[in-house]
Amino acid sequence: PDTAGAVARSLHLTGSDEVLTGPELDMLAPEDLAARAEDASVFARTTSEHKLRLVKALQARGEVVAMTGDGANDAPALKRADIGVSMGIKGTEAAHEASEMVLTDDNFATIVAGIEEGRGVYDNIRKALVFILPTNAGEAMVILLAVLAGLTLPLTPVQVLWVNMATAVTLALALAFEPVESDVMGAAPRDSRAGLVTAMMVTRIAWVGLFLTAAVFALFNAALSAGGSEALARSVALNMLVAGEIVYLFNCRRWASPSWTFEALAANPVAWYSVGALIVLQLALTYWPPMQEIFGVAGLGLSDWLTIGAVCAALFVLVELEKFAIDRLARRTGSDRGASRSD
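J.: Would you mind showing me how to read the environment of Leu145 here?
T.: Of note, Leu145 is situated in helix α7 (residues 108-149). In this structure Leu145 comes out as partly exposed when scored by relative accessible area, which is 42%.

J.: Sorry, what's going on with the packing of α7 against helix α10 (residues 199-225) here?
T.: At their nearest, the axes of α7 and α10 sit 8 Å apart, and the two run at 40 degrees to each other. Compared by their axis directions, α7 and α10 come out oblique. As for the relative orientation of α7 and α10, their crossing is right-handed in sense. Here Arg126, Leu129, Val130, Leu133, Pro134, Thr135, Ala137, Gly138, Met141, Val142, Leu145 and Ala146 of α7 come into contact with α10, specifically with Met201, Arg204, Ile205, Val208, Gly209, Leu210, Leu212, Thr213, Val216 and Phe217.

J.: Before we go on, may I ask you to explain a nonpolar patch on the surface in this structure?
T.: Judged by side-chain polarity, Val121, Ile125, Leu196, Val197 and Val202 come together as a nonpolar surface patch covering roughly 380 Å² of accessible area. Following the sequence through the fold, Val197 ends up in the loop between α9 (171-174) and α10.

J.: Any chance you could explain the pairing of strand β3 (residues 66-69) here in plain terms?
T.: Both faces of the sheet carry side chains from a regular strand, because those side chains alternate between them. Of the two faces of β3, the one lined by Met67 and Gly69 is fully buried and the one lined by Ala66 and Thr68 carries no buried residue. Looking at chain direction, β3 and strand β4 (residues 83-87) are connected through four bridges and run parallel. Paired with Gly69 across the strands is Ser86, a residue of β4. Remark: the β3/helix α5 (residues 75-80)/β4 crossover connection has right-handed handedness.

J.: Is there a simple way to think about the pattern of salt bridges in this case?
T.: Between side chains of opposite charge, a pair can form when the charged atoms approach closely. All chains considered together, the criterion is met by ten salt bridges. In this structure, Arg253 and Glu178 form a salt bridge, with 3.0 Å as the shortest nitrogen-oxygen distance. Separated by 75 residues along the polypeptide, Arg253 in the loop between α11 (230-252) and α12 (262-266) and Glu178 in the loop between α9 and α10 bring together distant segments of the chain. Accessibility expressed as a relative area gives 3% for Arg253, which makes it buried. A salt bridge links Arg254 to Glu178; its shortest N-O distance comes to 3.1 Å. Here Glu178 lies in the loop between α9 and α10 and Arg254 lies in the loop between α11 and α12, a separation of 76 residues in the sequence. In this structure Arg254 comes out as buried when scored by relative accessible area, which is 3%. Sharing partners across several salt bridges, the network here consists of Glu178, Arg253, Arg254 and Glu263.

J.: Explain the side chain of Thr170 to me, please; I cannot follow it from the model alone.
T.: Along the chain, Thr170 turns up in the loop between α8 (157-168) and α9. Since its relative accessible area comes to 5%, Thr170 is described here as buried. In terms of polar contacts, Thr170 uses its side chain to reach the backbone carbonyl oxygen of Ala166, at 2.5 Å. When near neighbours in sequence (up to four residues on either side) are disregarded, Thr170 contacts Ser274, Ala277 and Leu278.

J.: Explanation requested: the sheet that holds strand β5 (residues 101-103) in the structure shown.
T.: Spatially, β3-β4-β5 is the arrangement adopted by the three strands of the open sheet, whose pairing is parallel. Each edge of the open sheet is held by one strand with a lone partner, namely β3 and β5. For this sheet the average axis-to-axis angle between neighbouring strands, irrespective of direction, equals 25 degrees. Where β4 meets β5, three bridges bridge the pair, whose relative direction is parallel. Across the sheet, residue Val85 finds its bridge partner in β5, namely Met101.

So, how was this worked out
- Residues numbered from 1 in each chain as written.
- Predicted model: local features only at pLDDT ≥ 70, side-chain atom pairs only at ≥ 80, totals over all residues.
- Heavy atoms only, no water.
- Helix = DSSP H or I, 4+ residues; strand = E, 2+ residues; numbered from the N terminus.
- Buried < 20%, exposed > 50% of the residue type's maximum accessible area, 1.4 Å probe, protein only.
- Axes fitted to C-alpha atoms, helices over the stretch in contact; angles between N-to-C directions.
- Parallel < 35°, antiparallel > 145°, perpendicular 65-115°, else oblique.
- Left-handed = near helix turned anticlockwise from the far one by under 90°.
- Contact = heavy atoms within 4.5 Å.
- Patch = residues over 30% accessible without salt bridge, like charges linked within 9 Å, V, L, I, M, F, W, Y side chains within 5 Å.
- Areas by Shrake-Rupley, 256 points an atom, 1.4 Å probe, with all protein chains shown as cover.
- Salt bridge = Lys/Arg side-chain N within 4 Å of Asp/Glu carboxyl O.
- Pairing = 2+ DSSP bridges.
- Right-handed = clockwise from strand over helix to strand, strands pointing away.
- Polar contact = N/O pair within 3.5 Å; in protein donor to acceptor, adjacent residues only side chain to side chain.

Written out as structure tokens, the structure reads:
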């Protein structure tokens, strides 16, 4: 037990310095074992039966338990654990069959790497959702509100189709190549009962969708009021929506850390390639006569682009301020880095 405790301290295992031995576990009632099992970090001189008891005790307190093992006697604990991990080199066939994961190199560092990769994939799925849903909501609300209010459509159906097609194959796809954030392992484990879409994500989706809708209507009506044609006004509205999605993409590439740092901007070259491709497509639509004819738009002047740029800059700043406020609130309430990911 003393050696086991010394090894645990050298590895900086969290928790108390308490070391429980197999004979001590045998003397504990099930209800006492659950509390002691959660407090202690090291268990020494245990048997396979003790492993199974520990798994059951921790699960009784709502914990998600991973158990490693290599022998046939470890099979019951591996089977009962939420995640059974057997050793691929030294492990027996019985241990392999009872586990959900086989560690082919028998290196525990591989488990950490797997967790990091899994968190990165999960984050990218949620980033895609928090990007796609408000932008699609903005497109839908522009049409819906105009129809319900009996107003001139700021965007025609074919223009909305263009936005969906152009952004889906460029911007949304770029998030799939987003690398794992450097501080992803600093987040607390997420609640296994939590859904994929959190309260924070719903709030972001709602207000960004409303912002894009209001911006499209405002710039469309401003262009009409200035004496522009419907084609020009719709061109302003269409480019406002696309530019807003480009800017918002960079907001979504980081959950809590700033999106304007060099590390964040340079992390995913695919995002820049996607944005470049979309800009070329959008300029062709705006200024190439055949596409102008097909989509019913007109070329924009410098003042139109400056107005669009100012609105998009406001969107970027507002999202970054929201992220900063959520992160500060999490730190003030004693939560860790993962609060903005899971709350």
